[in-house]
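A structural walkthrough
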Amino acid sequence: MSNCIRFEVPVETVNTSNRREHHMQRHRRAKGQRDATHLLWPGWIGPALLVVRLTRVSSRTLDSGDNLPIAMKSIRDEVARQLRLDDASPLVRWVYAQAQGEPSVLVELSWGDDALAAAVRAQDALAPPPPPVPPEAATPRASRERKAKGPKKAPSRPLRGLAALATPAVYPGKKP
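Here is a short report on the structure shown in this document. (Residues numbered from 1 in each chain as written. Predicted model: local features only at pLDDT ≥ 70, side-chain atom pairs only at ≥ 80, totals over all residues. Heavy atoms only, no water.)

1. Regarding the nonpolar core
If you look at the biggest cluster of nonpolar residues, it comprises 21 residues, and the most contacted ones within it are Val 52, Leu 54, Ile 75, Val 79, Leu 83, Val 107 and Leu 109. Secondary structure elements with two or more residues in this core: strand S1 (4–9), strand S2 (50–58), helix H3 (73–82), strand S3 (92–100) and strand S4 (104–110). (Core = buried A, V, L, I, M, F, W, Y, C linked by side-chain atoms within 4.5 Å. Buried < 20%, exposed > 50% of the residue type's maximum accessible area, 1.4 Å probe, protein only. Helix = DSSP H or I, 4+ residues; strand = E, 2+ residues; numbered from the N terminus.)

Here is the structure:
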């Protein structure tokens, strides 16, 4: 028995990170992708821990490191919404792939003993993903200190270069 749901969303995906376009055009494209995913959603009755593979089908390939996940962000958001989860939830493992053909996105949800889920578990056993970052640690240290202590104080280490030459402005008749 296969523990996998597969369906195809006939949409064209584009890399939006370097695209110069009006924000409403970007919004309309993302909404169209989400609506198409919503209409073709087959339903979900499986367990909470699962692997979702999004395969971008197009005539050209994208850089798989940055551009591929960006191009499919709207599809990922809608799949997560249909699963009633945040797309950053540790309960879902997102995997991206590419293929050549007519523009579409193949969505596969896998769990249990399915081959895709087993392959991802095996890969995670060799190189586990990093643990989730707690919300407080996600904010930069300087902004946490400013929020907690008020304005930023002068650095305690000696200044180097041009900063060491800078002196406070002292004008005649004014006290420093």
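There is more to say, and it comes next.
2. Observations concerning H3
By the criterion of burial, H3 is predominantly enclosed, with seven of the ten residues buried. For H3, the complete set of buried residues consists of Ser 74, Ile 75, Arg 76, Glu 78, Val 79, Ala 80 and Gln 82. Looking one or two places after H3, you find Arg 84, whose phi comes out positive at around 60 degrees.

3. A short note on helix H1 (residues 23–40)
The terminal C-alpha atoms of H1 lie 26 Å apart, and with 18 residues this matches the ideal 26 Å at 1.5 Å per residue to within 8%. Among the residues of H1, Arg 29, Ala 30, Gln 33, Ala 36 and Thr 37 are the ones counted as buried. Summarising the axial view, the buried residues of H1 lie within an arc of 125 degrees, below the 170-degree limit, and thus occupy one face. In H1, the exposed positions angled more than 90 degrees off the buried face are occupied by His 23, Arg 28 and Leu 39. (Expected span 1.5 Å × (residues − 1). Arc of directions from axis to C-beta.)

4. Quick notes on the pairing of S2
For S2, the buried fraction is high: eight of the nine residues fall into the buried class. Here S2 pairs with S3 via nine bridges, running parallel. Opposite Val 52, over in S3, you have Trp 94 as the bridge partner. Relative to S4, S2 runs antiparallel, the two sharing seven bridges. Along S4, the bridge assignment pairs Arg 53 with Glu 108. (Pairing = 2+ DSSP bridges.)

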